[in-house]
Every structure is written in structure tokens, then in C-alpha cells.
Amino acid sequence: MAALIGVLPGDGIGTEVVDQALRVIDAIVRRGGHAFELRRGLIGGAAIDATGKAFPAATRQLALQADAVLLGAVGGPKWSDPAARERPEQGLLDLRAAMGVYANVRPVRTHPSLYEASPLKADRLRGVDILVIRELTGGIYFGTKQRDADSASDLCSYTRAEIERVLRVAATMARRRRGRVTSVDKANVLETSRLWRSVANELFAREFPELQLEHLLVDAAAMHLLSRPADFDVMVTENMFGDILTDEASMLAGSMGMLPSASLDGQGRGLYEPIHGSAPDIAGQGIANPCGTILSVALLLRHSLGLEAEAARIERAVYEVLDSGLRTRDIATGGVAAVGTAAMGDAIVARLNA
Ligand code: NAD
């Protein structure tokens, strides 16, 4: 039976970059040997407009049935009234919760042809290849919230089981890489971090003794990510620290538009999306960088469908096109004329067909 891929373009540039990603999937299908069933759904602002809900029942059903879901981005000024009952971003949180995708995986790799697009110096960027894994469904974002006129609180809590399962994803991936895991916490201050650190020590001693585990406090990690990024292999951390560190790490690669992500449920199903948002400032202009979404398709084929060769072929095609000098506006430096979203897609598809 053909694998079912749910396609949720969402809002703003989400629809533009997903269009290019679908052309890449089509190119893989045309090469033969694979058949996928692609089924579209609504999420975010587009779903609010059509149904009144940011995560409609039909989309939930599609997400639960699908082997993998490809998402563009959600949100935009049209739906950003803080008093609104439905918000696009809540649709995304509900989608992640419904799919039970607790491990967010973001590969951050630098590429010589993009060194100039990064604010860091080239000598810092050489050889950077980090897999950042963020716990996605627990911690302070999901804890009880309280607010009155003069005080507010957000509860941060983690269970041993929640910590163990995300650390296990990190360790399993480190086994196939350079065998080093950096666990990031704030164990000098937070109880949840002290539990996190002791669970990590026990788990690695018991199940992954061959791996090298180091602990870093989150403030130090933020600094080391910029001062010695090439030293890291797999970095794993809780939800809020991961949210912040992954955006910081994205600047190593040159642009938010370059980076893909996978959110995994530990059983092979996953949600795949670029790390950027709906970019209302450039939506509708046809200039968004589709590479992060196209590289998310590669992660989808690798992690949910077991198609490693096809995933690697897409990654190669993207980097060959960048090596050839083609640039969207966000990564164009030194007076290079930028191409639009569709032209970048054309070039990547042409490489795949070559
Ligand atoms: P953003 O990621 O949308 O944009 C930040 C900046 O990066 C903008 O200047 C934008 O033009 C640029 N950018 C982002 N992606 C790009 C691409 N592919 N090519 C070229 N340039 C790109 O973040 P924001 O502006 O803070 O948020 C805009 C909306 O997106 C908000 O409604 C926010 O809630 C939402 N958002 C959604 C997601 C998601 O769907 N996963 C993530 C972050 C933000």
C-alpha cells in the first residue's frame, strides 16, 4: 500500500514553499519505484477562515491516519488579535499533541557556499554538523498557567518517562553519528533539570555505555554554540531551552529558510516542517527560500518511510544547486542576484531529474 503523506501548507509563505516541496516529491515518484498518496488538509489561519477552527476534525483525522505529515507554516497578522478565540499557532500545538511527536530533531549543518550568509566567521563554521533534539510536548509550555492582576506563573514539570524517551531518541541517533551527546539543562537552579541530569546519567550508563555523554548548563551552551559549534554532535534538551537554542543554531547555517525539522513519535511517524514561520513580510511575493521545506521532505523520507537513498539524493541536489551559485534573497550575499521560490524549486527538481 502506498504510504499516506498528509500535506498541510498552512499560511503565508507556507503554501509557497510546500508547492516546491511537492514538486520534489513528484520528481522522486517519477524516477520510479515509489508511490505515495498525498492528501491535503487545512491548518492555522487558512483553517480558521474555512471552518472556524485552527485544527479542524478532518485535519486531526488525516494526521492520525498518515504515515507522515508535511507542514508549511501557520500564522499571520490577519489572525493575530490577542483576544481572538482561535489562534493559528494553537492549531500547530494541537497537531503536535495529537500526533504525540515528542522529539523535535533539527540538523544544523554548515556548507562552505553559505559561510558568507552567516553572521559568524567562516573559521568557526567549518565542519559544523549538529543534530539538536528538543523535547516538544512537555515542560513549561504545557504546564498549568495562572494569572491575576499582579502575578503570573507557568508550571514546568517533567516525568522520568518523558525525559527518558527523548534522551533515547538522542542516543539512538548518536549511535549512527559520532557517538557524542551533549545534554543541556539548568541543574544548578531547577529541580526539573536535576531530574533530567540524573535520568540521563542512569540511562546512558545502563543502555548506551559506548556513547560519550556530557552535560552543559543552558547559559554556557548558548555561548559554546557560537564559540565552538564544530565540537558538538548530538545536543538534547528540554522544550523551552530547545526552542531558544535551535533558533540560535539556525544562524550558523545562514538563514532560517535553510533549516528543516522532524518531530517524531518514536514509532516512525512524524511531522516535518521548515523551522521558520509564515513570514508575512515576504508572503505572496514569490521570494521565500524553499530549501528548508525541501530538506524536510528528505527527513520525511529518511525517518518515516525508510528511504535513505532518496533522502540523500534530495540533500545532494539542494547543496549542488547552492554550490552552483543560485541564491534566494535571504542567502544572497556580495551582490549576487537573487532568484525566486519557483526558480529555486526548478533548479532542485532539474538536479533530481538529471
Ligand atoms: P518567521 O520565521 O515567519 O520570519 C522571521 C524572518 O525570517 C522574516 O523576516 C522572514 O521574512 C524571514 N524568513 C523566514 N522564513 C524564510 C524563508 N523561507 N525565506 C526567506 N526568508 C524567510 O517568524 P515571525 O516573523 O516571527 O513570525 C511570523 C508568523 O509566523 C507569526 O504569526 C508566528 O506566530 C508564525 N510562526 C509560525 C511557525 C510555524 O508555523 N512553525 C514558527 C514560527 C513563527
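Below, the structure is looked at part by part.

**Brief notes about the site of the ligand**
Argument step 1. Around the ligand lies a shell of 20 residues, among which E89, G277, A279, D281 and N289 are the nearest.
Argument step 2. Taking G76, its main chain carries an N or O atom lying 3.3 Å from an oxygen atom of the ligand.
Argument step 3. E89 places a side-chain nitrogen or oxygen 2.5 Å from an oxygen atom of the ligand.
Argument step 4. Protein contacts shield 68% of the accessible area of the ligand, which totals 800 Å² for the unbound molecule.
Argument step 5. For the shell around the ligand, a count of residues per class yields nine nonpolar, seven polar and four charged.

**Comments concerning the environment of Q146**
Argument step 1. Tracing the backbone through its elements, the reader meets Q146 in strand β6 (residues 145–147).
Argument step 2. If near-sequence neighbours (up to four positions away) are discounted, Q146 is found in contact with S151, A152 and S153.

**Focus on helix α4 (residues 88–99)**
Argument step 1. End to end, α4 covers 17 Å across twelve residues, agreeing with the expected 16 Å (1.5 Å per residue, within 8%).
Argument step 2. All buried positions along α4 are accounted for by P88, G91, L92, L95, R96 and M99. The buried residues of α4 occupy an angular sector of 135 degrees when the element is viewed end-on, so they sit on one face.
Argument step 3. Residues of α4 that are buried in the fold lie against β1 (3–10), α2 (45–51), α3 (57–65), β3 (68–73) and β12 (270–274).
Argument step 4. Immediately beyond the C-terminal end of α4, within one or two residues, lies G100, with a positive phi of roughly 65 degrees.

**Concerning the environment of G179**
Argument step 1. Summarising the element assignment, G179 is placed in the loop between α6 (160–175) and β8 (180–185).
Argument step 2. Through-space distance from the C-alpha of G179 to that of V318 is 27 Å; in sequence the pair is 139 residues apart.
Argument step 3. Every residue in contact with G179, bar those within four places of it in the chain, is listed here: A174, L211, Q212 and D233.

**Some thoughts on unusual backbone geometry**
Argument step 1. Its identity as a non-glycine residue notwithstanding, A279 has a phi of 40 degrees, on the positive side.
Argument step 2. In this structure, A279 sits in the loop between β12 and α10 (291–303).

**Examining the layout of surface pockets**
Argument step 1. Space inside the largest pocket adds up to approximately 530 Å³.
Argument step 2. Taken together, 23 residues line the largest pocket, and the ones lying closest to its centre are L92, R96, R134, D243 and I275.
Argument step 3. Listing elements by their share of the lining of the largest pocket, those giving two or more residues are α4, β4 (103–109), α9 (239–250), β11 (260–264) and β12.
Argument step 4. Across the lining of the largest pocket, the residue classes break down as ten nonpolar, six polar and seven charged.
Argument step 5. A volume near 220 Å³ is recorded for the second largest pocket.
Argument step 6. Looking at the second largest pocket, it is lined by 14 residues, and the ones nearest its centre are I13, A279, I282, A288 and D330.

About the thresholds
Per chain, residues are indexed from 1 in the order of the written sequence. Totals for whole chains, interfaces and linings use all residues, but because this is a predicted model, local features are given only for residues with pLDDT of at least 70 and pairs of side-chain atoms are given and counted only at 80 or more. To get the side-chain values, take all heavy atoms of the structure and skip hydrogens and water. In this text, near means that some heavy atom of the residue lies within 4 Å of the molecule or strand in question. For this analysis, a polar contact is any N or O atom pair within 3.5 Å, provided that within protein one partner can donate a hydrogen and the other can accept it, and provided that sequence-adjacent residues contribute only side-chain to side-chain pairs. Surface exposure here means Shrake-Rupley accessible area, sampled with a 1.4 Å probe, where a residue is shielded only by the protein chains that are shown. Amino acid classes used here: Ala, Val, Leu, Ile, Met, Phe, Trp, Tyr, Cys and Pro are nonpolar; Asp, Glu, Lys and Arg are charged; the rest, including Gly, are polar. Put simply, DSSP marks the helices as runs of H or I at least four residues long and the strands as runs of E at least two long, and each gets a number from the N terminus on. We call two residues contacting when some pair of their heavy atoms lies within 4.5 Å. What a helix is expected to span follows from its residue count: subtract one and scale by 1.5 Å. Burial classification: accessible surface area is computed with a 1.4 Å probe over protein chains only, and a residue below 20% of its type maximum counts as buried, one above 50% as exposed, and the rest as partly exposed. The reported arc concerns the directions from the helix axis to the C-beta atoms and nothing else. Here a cavity means grid points, on a 1 Å grid over the protein atoms only, where a 1.4 Å probe fits yet cannot get out; a pocket means an open set of points with protein on both sides within 12 Å along at least five of seven lines; lining residues are those with an atom within 4 Å of a point. Grid points are joined across faces, edges and corners, and a volume is the space filled by probe spheres set on the points.

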